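Close look at the chain arrangement
Listed here are the chains, written in short residue letters.
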Amino acid sequence: MDLAIRIGIVLAEIAAVLGVVLTHVAYLTYMERKILSDMQDRLGPMEVGPHGLLQPLADGLKLFFKEDIIPTGANKIIFSAAPILVLIPALIGFAVVPFGRDSLVIGEFEITPYITDINVGILYILAFSSLGAYGVLLGGWASNSKYSLLGGLRSAAQVISYELPLGLSLVGPILLSGSLSMVTMTEAQGGGFWHWYVITQPIAFVIYMICAIAETNRLPFDLPEAESELVAGFFTEYSGMRFSFFFLAEYANMILVSCIAVVAFLGGWQAPFSFMEFVPPIVWFLAKVYFLLFFYIWLRATVPRLRFDQLMAFGWKVMLPLSLVNVLLTSIVKYFLNQM
Amino acid sequence: MKNGMNLIKTVFFSEILKGLYLTFKHLLAQRVITEQYPREKRVLPDGYRGVIVHLRYDDNTEKCVGCALCEAACPSHCITVESAEREDIPQKRYAKRYILDVTKCVFCGFCVQACPVDALASSKEYEMATTDKRDLIMDKEAMLKLGDQYFPVRAKRPKHSQDRYDFFKTMKQTEFPTVKKGAA
């Protein structure tokens, strides 16, 4: 009985987190379109609902009822499996993100502000996010189309070259907090914004942000789906629900990398000053995530796409050495601080 | 020194920051260039050349005399005029059939310039979208109707013409020579 209730609580938490994330994904598209249009002196979606507020709903319905086409010559099994292979890793990472500070205690049961706190949280997210690249690559290959294949290959190359500095940039916060758990990492940054790792690890933060954009295939690193060169890249041949899975995965990934950045560098749910702690921790967390998402969209409106050789050169010749140097310096400083 | 400055600029992404500042300015400005077309319509300039329409005089008689100069002036051959003599007034002609094929029309306004009696005008009508192409082949009635809509202020019929009608009426009674009577 006790176990059943515990399982029920966990399932309810998973459902709540998934619901919130998917709603956010839907409205992130709206936010992106509105901010982009404002920056380009346009109005953006205005037709469905007041100021186009129901547009994501209409888009979702449209995608849901569209015909599902599998091109001839496509490998049917892999073609159907690829979108799921992309979506699941994007959503599964939210399991270890701590959204707030206080647990809700009802009787002897405790509802935590995170689904689970495993002691290798960041490693778990990194492992799953690199699994998503398989979906992209397989989807591109199984479509039997040269655009898709090129998009998939580009994506594989890009993800491999940017995953290294991404992981290495997270080593800084891991060294400083002495833990791989997201919860412990957030707690280690308490007591004012000068304890946040963005202050002590500025290079790692910049590297992380750039690599995160590259990981989520966003502009200026959206080479896998460069529409002016590859139509839509790896999901050129996809339609209907399968297309929307890729779409959902891209935006869910955006939210996920923002969440990791907030936890690892911006203090998670911690308030910037101790006198501002009357604001609920979850509000701080959401505000920071929204700011990072806004920054992604802002960057998309500003920067043009890189050339492929520039992308590779930047990844291997600048980001990787910088992140290695950062890890080295951080470990040395940490060692001498521990000696004192 | 210069290289050092460039290095610092590269390290701090100064070019990208400049671009970010520019886009942020546009976000704050809230300037909108596009129009919400079916809801907001732009004010058209006076010289706008829309669909060609027929005009009337203030006594509701049509201006067109059926001279077919518009047909001659039309570069895309979209006007067809079939002229006939009026039954009531001899030597007076009118357009028995007048067809404007809007699908061919290039809205150049040459017909308006060619018309000797100012019977034609360019309206500001541009929303002619239809699912039936035959709706776009306009006859005189349709053009007059559009003309009434766009040009409610009508020109006065020239005064002397009434005298001419009376003159022709008397002449018709006294065997006017041009009344065709078995002439070839």
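Everything below is about the structure shown above.
None of the values given here were measured: they were computed from a predicted structure.

Analysis parameters
- Residues numbered from 1 in each chain as written.
- Chains lettered and ligands numbered in written order.
- Predicted model: local features only at pLDDT ≥ 70, side-chain atom pairs only at ≥ 80, totals over all residues.
- Helix = DSSP H or I, 4+ residues; strand = E, 2+ residues; numbered from the N terminus.
- Contact = placed C-beta atoms within 7 Å.
- Rg over C-alpha atoms; globule rule 2.2 N^0.38 Å.
- Buried ≥ 20, exposed ≤ 12 C-beta atoms within 10 Å, placed from the backbone.
- Pairing = 2+ DSSP bridges.
- Axes fitted to C-alpha atoms, helices over the stretch in contact; angles between N-to-C directions.
- Left-handed = near helix turned anticlockwise from the far one by under 90°.
- Nonpolar A, V, L, I, M, F, W, Y, C, P; charged D, E, K, R; others polar.

1. Points about the overall build of chain B
Of the regular secondary structure elements, chain B holds six helices and five strands. N-terminal to C-terminal, the α/β element order of chain B is α-α-β-α-β-β-α-β-β-α-α. Within chain B, residue pairs in contact and separated by at least 24 positions form 72% of the contacts whose partners lie at least 6 positions apart.

2. A word on the overall build of chain A
In terms of regular secondary structure, chain A is built from 12 helices and two strands. If you list the helices and strands of chain A from N to C, you get α-α-α-β-β-α-α-α-α-α-α-α-α-α. Relative to a compact globule of 340 residues, whose C-alpha radius of gyration would be 20 Å, chain A shows 21 Å and is just as compact. Over its C-alpha atoms, taken along the principal directions, chain A stretches across nearly 65 × 55 × 45 Å. Expressed as a percentage of its 340 residues, the buried residues of chain A come to 43%. In chain A, the share of contacts with a sequence separation of at least 24, taken over all contacts with a separation of at least 6, comes to 78%.

3. Overview of the pairing of strand S3 (residues 93-101) of chain B
Residue and element names in this part refer to chain B. Here strand S2 (residues 79-85) runs beside S3; their pairing, made up of seven bridges, is antiparallel. Residue Ile 79 lies in a different strand from S3, and its bridge partner there is Leu 100. The pairing of S3 with strand S5 (residues 137-138) spans two bridges and is classified as antiparallel. By the bridge assignment for S5, Leu 100 is matched with Met 138.

4. As for the packing of helix H8 (residues 202-215) of chain A against helix H12 (residues 308-339) of chain A
All names here are of chain A. Relative to each other, H8 and H12 sit at 145°, their axes nearing to 10 Å. Note that H8 runs across H12; the crossing there is left-handed. Between H8 and H12, the residues in contact are Ile 203, Ala 204, Ile 207, Ile 210 and Cys 211 and Met 319, Leu 322, Ser 323 and Asn 326, respectively. Taken together, the residues of the contact of H8 with H12 break down into seven nonpolar, two polar and no charged.

Everything listed here is a matter of geometry and, on its own, says nothing about what the molecule does.
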